[in-house]
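# Working through the structure, step by step
So you can see what is in the structure, the chains are spelled out below.
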Amino acid sequence: MLSKDKVREAIQVAERVDNPDYFGWDQAYVTYPAVFSTVLVPIEATNELHRLAAEELDKSMELDEDVYDFFIGLNGFLSLKIDTCIEFLNYDGISHVIDINDDALPEVRKVLDEQLARHGQSVDELLEYATEVMRK
């Protein structure tokens, strides 16, 4: 689980988010159906993320030579507009998740906004664009 004190060590936005495959939509059925936009933000495979992935997979980090693709999801449904986990794909394309501690979520949002700003983007702008794409 990603804790608040490790967020800055773990989260490094990999690149400008402009791959059309990263934009989409999802739906939730709470008291009524809600459809909302989603965006996958690729993040660098930092040492901390590799450690957390190894922990999630019950593997020793020393034995882990796998290279993973890491993403954090943005969504127009939750109040912070970020998913509560980091998704990673192993070399076989199998998806796994690293949960984010509830206390760490505001810090993750802050770090994402700071790092996306370096690419001229923000969480809100990416979701607005995804909503436009969704409605077409």
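In the block above lies the structure referred to throughout.
Residues numbered from 1 in each chain as written. Predicted model: local features only at pLDDT ≥ 70, side-chain atom pairs only at ≥ 80, totals over all residues. Heavy atoms only, no water.

### Here's the deal with the sheet that holds strand β5 (residues 95–99)
Let me state the cut-off plainly: Strands are labelled as partners when DSSP assigns at least two bridges between them. Put simply, DSSP marks the helices as runs of H or I at least four residues long and the strands as runs of E at least two long, and each gets a number from the N terminus on. Orientation is described by lines fitted to C-alpha atoms, with helices fitted over the stretch in contact, and by angles between N-to-C directions that extend from 0 to 180 degrees. In this analysis, two residues are considered to be in contact whenever any of their non-hydrogen atoms come within 4.5 Å of each other.
If you walk across this open sheet you meet the 5 strands as β1-β2-β3-β4-β5, and the pairing is antiparallel. In the strand order of this sheet, the two ends are held by β1 (23–29) and β5, each with one partner. On average, each strand axis in the sheet is tilted by 35° relative to the strand beside it, whichever way the strands run. In the packing of helix α2 (residues 47–56) onto the sheet, contacts are made with β2 (33–43), β3 (69–75), β4 (82–89) and β5, and the angle to β5 comes to roughly 110°. The strands touched by helix α4 (residues 123–135) within the sheet are β1, β2 and β3, with β2 carrying the most contacts at an inclination of about 125°.

### A few points about α2
Keep this limit in mind: For every residue, the accessible area (1.4 Å probe, protein chains only) is compared with the maximum for its type, and the residue is labelled buried under 20%, exposed over 50%, or partly exposed between those bounds.
All of the buried residues in α2 are Glu-48, Leu-49, His-50, Leu-52, Ala-53 and Ala-54. In the core, the buried residues of α2 are packed alongside α1 (7–10), β2, β3, β4 and β5. In the stretch just after α2, Asp-58 is the one whose phi turns positive, near 55°.

### A look at the environment of Asp-18
Relative to the helices and strands, Asp-18 is located in the loop between α1 and β1. Expressed as a C-alpha distance, the spacing of Asp-18 and Arg-135, which sit 117 residues apart in the sequence, is 18 Å.

### Re the packing of aromatic side chains
The line we're drawing: Here the aromatic set is Phe, Tyr and Trp, taking the six-membered ring for Trp, and pairing holds for ring centres within 6.5 Å; pairs whose planes are under 30 degrees apart are stacked, those over 60 apart are edge-to-face, and all others are tilted.
In the structure shown here, the tally under the stated rule is 6 aromatic pairs. With centroids separated by 5.1 Å and ring planes inclined at 70°, the aromatic side chains of Tyr-68 and Phe-88 adopt a geometry described as edge-to-face. Taken together, the residues Tyr-68 in the loop between α2 and β3 and Phe-88 in strand β4 connect sequence positions 20 residues apart. Given the relative accessible area of 2%, Tyr-68 is considered buried. An aromatic cluster of three or more residues is present, and its members are Tyr-68, Phe-70 and Phe-88.

### With respect to the pattern of salt bridges
Here is the rule: Between Lys or Arg on one side and Asp or Glu on the other, a salt bridge is scored when a side-chain nitrogen of the former is within 4 Å of a carboxyl oxygen of the latter.
Considering all chains together, one arrives at 8 salt bridges under this definition. Among the ionic pairs, Lys-6 bridges to Glu-9, the shortest N-O distance being 3.5 Å. Close ionic contact of Arg-51 with Glu-55 constitutes a salt bridge, the shortest N to O distance being 3.1 Å. Of the two residues, Arg-51 and Glu-55 are both situated in helix α2; the distance of 4 residues between them amounts to about one turn of the helix. In this structure, a network of salt bridges that share partners links the residues Lys-81, Arg-109, Asp-113 and Asp-124.

### A short note on the side chain of Arg-109
Going by this rule: Polar contact is the term for a pair of N or O atoms within 3.5 Å; when the atoms are in protein, one must be able to donate a hydrogen and the other to accept it, and sequence-neighboring residues count only if both atoms are side-chain atoms.
Inspection of the secondary structure assignment puts Arg-109 in helix α3 (residues 105–117). Reaching out from Arg-109, the side chain makes a polar contact with the backbone oxygen of Leu-80 at a distance of 2.8 Å. Only 3.4 Å separates the side chain of Arg-109 from the side chain of Asp-124, close enough to count as a polar contact. Apart from the residues within four sequence positions on either side, Arg-109 is in contact with Leu-80, Lys-81, Ile-82, Val-123 and Asp-124.

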